[in-house]
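# Results of the structural survey
For reference, the chains in residue letters:
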Amino acid sequence: MMREGAPVVLVVEDEPVVREVLAEQLGELGYRVLTAASAEAALEVLDGTTPDLVLTDVHMGGLSGVQLCRRLKADPRLQLTPVVILTGVADLDSRLAGLAAGADDFFAKPVEFVELQTRLGALLRVKFLLDQLERAEGVITTLGLTIEARDPYTAGHCERLARYAVALGEALGVDPPTLKALKLGGYLHDLGKIAIPDGLLLKPGRLDPEERKRIQVHPVVGAELVVGLKTLEAVRPLIRHHHERWDGSGYPEGLEGKAIPLGARIMAVVDVYDALRTARPYKPALPREEAIGILLRETEAGLWEARITTTFLELLEELDPPS
Ligand SMILES: [Fe+2]
């Protein structure tokens, strides 16, 4: 019986009998089953669907199950889909190749029904949790956009910042977790502005010292809001320190130089540039050349890290092309 919402398992097996037996057993376990008679056929199926798990044979004439696995693990859309490889008990080579290709588990042929039941169940539970985490990330990103939406002056700011920060991080050679944090940080850096009333957030004139202080707590409030959210752990320092300055004159902690987390130093530069290029209640949007000039002067004055500004300006031709 197929039921709505049941996990979808793609079986890739060239032997019709084995394929049918597996499909039948999986069906009995309540899974929705898709089948493919070759790795090539599987790729076609995967073009249109994202299954919850892929169960694949190794040797199938054309592309092997190990090669299929490698392709899936290199595809951002399918990376988190567990891949289980079916091998002969003695086929150590395939197991090693499968491991190197990122396979999540191996089943020896012939597959035992109980093994199928317990181990697929475990893999799918992990997959389900990962899906939930991804959804939580989506909710948080939406929250960032909601904050942006309160302020009509900053339309597109989050998306531009995420794009600028990731490109800059890549050019600076930061590690993949930091890159991911930079992307999320584009949306979440100002999360703490949720605690600032509209009247203050959108105030056109100059701020008095008391009002300035209230605005300046937003990095701390934002960082507090994501405490305990595992997926956002790497984004937290970036939220907390995106207004620090290289010379120590920033807030909330007045950190100096490399004591400021790298992600926050990157976010600071792209945030400042985009703020200059965007109209605010108290100033118009500046032309590109003028914004570059200010960023350069501020960097010379010691506010921003020179290496980061230089790299950013090299990328600008592409990120914010001259009109
Ligand atoms: Fe901010």
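Right, let's walk through the structure included here. Worth saying up front: this structure is predicted, and the values here are computed from it rather than measured.

Of the consecutive residues lysine 109 and proline 110, the connecting peptide bond is found in the cis state with omega at -5°. Structurally, the position occupied by proline 110 is in the loop between strand S5 (105-108) and helix H5 (113-150). The omega torsion across tyrosine 251 and proline 252 is 10°, close enough to zero to call that bond cis. With respect to the helices, strands and loops of the structure, proline 252 is situated in the loop between helix H11 (236-241) and helix H12 (262-277).

Here the focus is empty space enclosed by the protein. Remark: the empty space left among the atoms is shown by a probe the size of a water molecule rolled over them. Counted by the stated rule, this structure contains 2 cavities of 30 Å³ or more. Taken as a whole, the largest cavity holds about 120 Å³ of empty space. What lines the largest cavity is Gly144, Ile147, Glu148, Asp151, Thr154, His157, Cys158, Tyr187, His189, Asp190, Lys193 and Leu201. At the level of secondary structure, the elements contributing two or more residues to the lining of the largest cavity comprise H5 and helix H6 (157-172). It is H5 that contributes the most residues to the lining of the largest cavity, 3 residues altogether. A class-by-class count of the residues in the lining of the largest cavity yields 4 nonpolar, 4 polar and 4 charged. In this structure, the second largest cavity encloses a volume near 40 Å³. Considering the residues around the second largest cavity, the lining is formed by Glu244, Arg245, Trp246, Ile260, Arg265, Ala268, Val269, Leu303, Trp304, Glu305 and Ile308. No other element matches the 3 residues that H12 contributes to the lining of the second largest cavity.

Across soluble globular proteins, nonpolar side chains have a tendency to be buried as a group. With 43 residues, the main nonpolar core has Leu182, Leu188, Ile266, Val270, Tyr273 and Phe312 as its most contacted residues. Every element with two or more residues in this core is listed here: H5, H6, helix H7 (176-188), H11, H12, helix H13 (288-300) and helix H14 (306-319). In terms of residue count, the dominant contributor to this core is H6 (9 residues). In this view, valine 270 contacts Leu161, Tyr164, Ala165, Leu168 and Phe312; residues no more than four positions away in its chain are not counted. Judged by nonpolar contacts, the second largest core, of 20 residues, contains Leu10, Leu46, Leu72 and Phe106.

Moving on: the environment of lysine 203. You can see lysine 203 is positioned in the loop between helix H8 (198-201) and helix H9 (209-215). The spacing of lysine 203 and arginine 297 is 94 residues in sequence and 27 Å in space, taken between C-alpha atoms. Look past the residues within four positions of lysine 203 in its chain and what remains in contact with it is Asp198, Glu211, Pro281 and Tyr282. Engagement of the side chain of lysine 203 in a polar contact is seen with the side chain of glutamate 211, the distance being 2.8 Å.

In this structure the tally under the stated criterion is 3 aromatic pairs. When the centroid spacing of 6.4 Å and the interplanar angle of 55° are considered together, the rings of tyrosine 164 and tyrosine 273 count as tilted. Separated by 109 residues along the polypeptide, tyrosine 164 in helix H6 and tyrosine 273 in helix H12 bring together distant segments of the chain. With respect to burial, tyrosine 164 and tyrosine 273 carry one shared label: buried. For the ring pair tyrosine 164 and phenylalanine 312, a centre distance of 5.9 Å and an interplane angle of 55° mean the geometry is tilted. Of the two residues, tyrosine 164 is situated in helix H6 and phenylalanine 312 in helix H14; the sequence distance between them amounts to 148 residues. Looking at phenylalanine 312, the relative accessible area reads 0%, which means it is buried. Among the aromatic residues, those joined into a ring-pair cluster are Tyr164, Tyr273 and Phe312.

This part is about the pairing of strand S3 (residues 53-57). Counting buried positions along S3 gives 5 out of 5 residues, so the element sits mostly inside the fold. Bridge count for S3 against strand S4 (residues 83-87) is 4 bridges, and the pairing is parallel. Across the sheet, the residue bridging to leucine 55 is valine 84, located in S4. The parallel pair S3 and S4 is bridged by helix H3 (residues 65-74), and the resulting crossover is right-handed.

Before going further, it helps to spend a moment on the coordination of the iron ion. Bound to the iron ion are the protein donor atoms Asp190 (OD), His218 (NE2), His242 (NE2) and His243 (NE2), situated 2.1 to 2.3 Å from the metal. Relative to the metal, the 4 donor atoms surrounding the iron ion lie at angles of 83 to 171°, and the coordination shape comes out irregular. Within one chain, the residues serving as donors to the iron ion are arranged as D-x27-H-x23-H-H. Remark: histidine 242 occurs in the loop between H11 and H12 and aspartate 190 occurs in the loop between H7 and H8; sequence separation between them is 52 residues.

Take the layout of surface pockets next. Volume-wise, the largest pocket comes out at about 1,200 Å³. Lining of the largest pocket is provided by 34 residues; of these, Arg212, His243, Tyr251, Ala275 and Tyr282 occupy positions nearest its centre. Elements that contribute at least two residues to the lining of the largest pocket include exactly H8, H9, H12 and H13. Ranked by residues supplied to the lining of the largest pocket, first place goes to H12 with 5 residues. Residues belonging to the lining of the largest pocket are distributed by class as follows: 14 nonpolar, 10 polar and 10 charged. Considered as a void within the structure, the second largest pocket measures approximately 730 Å³ in volume. Taken together, 21 residues make up the lining of the second largest pocket; nearest its centre are Gln79, Leu80, Glu134, Glu137 and Lys180. At 7 residues, the largest contribution of residues to the lining of the second largest pocket is made by H5. Each residue belonging to the lining of the second largest pocket can be placed in one class, and the counts come to 8 nonpolar, 5 polar and 8 charged. Residue-level mapping places the lining of the second largest pocket at the junction of two domains, with at least three residues from each of domain 1 (8-130) and domain 2 (151-319).

About the criteria used
Residues numbered from 1 in each chain as written. Predicted model: local features only at pLDDT ≥ 70, side-chain atom pairs only at ≥ 80, totals over all residues. Heavy atoms only, no water. Helix = DSSP H or I, 4+ residues; strand = E, 2+ residues; numbered from the N terminus. 1 Å grid on protein atoms, 1.4 Å probe; cavity = no way out; pocket = protein on both sides within 12 Å on 5 of 7 lines; lining within 4 Å. Points joined across faces, edges and corners; volume = space filled by probe spheres on them. Nonpolar A, V, L, I, M, F, W, Y, C, P; charged D, E, K, R; others polar. Core = buried A, V, L, I, M, F, W, Y, C linked by side-chain atoms within 4.5 Å. Buried < 20%, exposed > 50% of the residue type's maximum accessible area, 1.4 Å probe, protein only. Contact = heavy atoms within 4.5 Å. Polar contact = N/O pair within 3.5 Å; in protein donor to acceptor, adjacent residues only side chain to side chain. Phe/Tyr/Trp six-rings, centres within 6.5 Å; stacked < 30°, edge-to-face > 60°. Pairing = 2+ DSSP bridges. Right-handed = clockwise from strand over helix to strand, strands pointing away. Donors = N, O, S within 2.8 Å, 3.2 Å for Na, K, Ca; no water. Tetrahedral: all angles 85-135°; square planar, octahedral: opposite > 155°, others 65-115°. Domains from an automatic or database assignment.

Treat this as a map of the structure, not an account of what it does.
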